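Residue-level structural notes
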Amino acid sequence: MKILSILFATASCLAFGQPEILIEATGKNPNERHVNATPDLIELLVDIDPKAYGYRAQSHDMAVNMTADPLLNGRFTLDYNYKLSSHWKLVFPVSFEHTSLVLPFALPVGISSNNRIDSQWSLLAGVGAKLRLSEWMQKSSFFIEGWLQSGVYAQNAKGFSDTRYAARIRPSLYVGWERIFESGLVFGIKTGIEANLNILTGTPLAYSDNNVNFVPAINLGFAW
């Protein structure tokens, strides 16, 4: 199959003007031939049948991930990724966070750092972009990812009987690493920083501090 793929790729390169493929005889046996494959040829071969070469990381078009941050922010995010190119993805994240989702042994920072607030939660959705930093042939990669989300934020503070709401805009920037296995399973880790911009829609919030978040997160997903 590999020989047929090389022959097909050679014909394709000649037909569509791809970089020249050098085929020459070896000194020991004139009947033997070897192919000096350029990086462009290798990428072409992978594109013909990516799964046969173990390149699901290159061949997938979409992915769905569940990202969890129960250590600091009690957050779970479901995001849909659409691959635009070998290095760029368009991301559509939906995030929900609540103080009750923070692990009991978590550090007293993040969403639960203000002990004057009994509970708080937010539901945000938005759009973002992910830039793959590693070369296309790497099965795992480092990346930079930026999101812009908006939605609703709610707060129940001690000494106040009502729940107070605000519109929230959250720009964020992350760096991370992910691996896409041949089964389609996605595993990754990332960390980043976020800024919460609250826009009052009624009664002012009781407390509006802690609007910059540090995020450590782990994600699992599936790519196809």
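Above this text you will find the structure in question.
Below is a summary of the structure that appears in this document. Fair warning: this is a prediction, and the values are worked out from it, not measured in the lab. (Residues numbered from 1 in each chain as written. Predicted model: local features only at pLDDT ≥ 70, side-chain atom pairs only at ≥ 80, totals over all residues. Heavy atoms only, no water.)

1. Considerations on the overall build of the chain
Summing up its helical and strand segments, the chain has 3 helices and 11 strands in all. Scanning the chain from its N terminus toward the C terminus, one meets helices and strands in the order α-β-β-α-α-β-β-β-β-β-β-β-β-β. Scored against the burial criterion, the 224 residues of the chain give a buried share of 37%. Here the analysis covers contacts within the chain between residues at least 6 apart in sequence; of these, 60% occur between residues at least 24 apart. Approximately 12300 Å² of the chain is accessible, and the part contributed by carbon and sulfur atoms is 66%. (Helix = DSSP H or I, 4+ residues; strand = E, 2+ residues; numbered from the N terminus. Buried < 20%, exposed > 50% of the residue type's maximum accessible area, 1.4 Å probe, protein only. Contact = heavy atoms within 4.5 Å. Areas by Shrake-Rupley, 256 points an atom, 1.4 Å probe, with all protein chains shown as cover.)

2. Focus: the side chain of D69
Tracing the sequence through the fold places D69 in strand 3 (residues 62–69). At a separation of 3.3 Å, a polar atom in the side chain of D69 contacts the main-chain amide nitrogen of L72. (Polar contact = N/O pair within 3.5 Å; in protein donor to acceptor, adjacent residues only side chain to side chain.)

3. Thoughts on empty space enclosed by the protein
For the structure shown, the criterion picks out 4 cavities of 30 Å³ or more. Of the voids in this model, the second largest cavity is the one considered here, and its volume is about 120 Å³. Lining the second largest cavity are 15 residues, with H60, S86, K89, R132 and E178 positioned closest to its centre. Of all the secondary structure elements, the ones that give two or more residues to the lining of the second largest cavity are helix 3 (56–59), strand 5 (88–98), strand 6 (117–132) and strand 7 (140–157). With 3 residues, strand 6 is the single largest residue contributor to the lining of the second largest cavity. For the lining of the second largest cavity, the per-class residue count stands at 4 nonpolar, 6 polar and 5 charged. (1 Å grid on protein atoms, 1.4 Å probe; cavity = no way out; pocket = protein on both sides within 12 Å on 5 of 7 lines; lining within 4 Å. Points joined across faces, edges and corners; volume = space filled by probe spheres on them. Nonpolar A, V, L, I, M, F, W, Y, C, P; charged D, E, K, R; others polar.)

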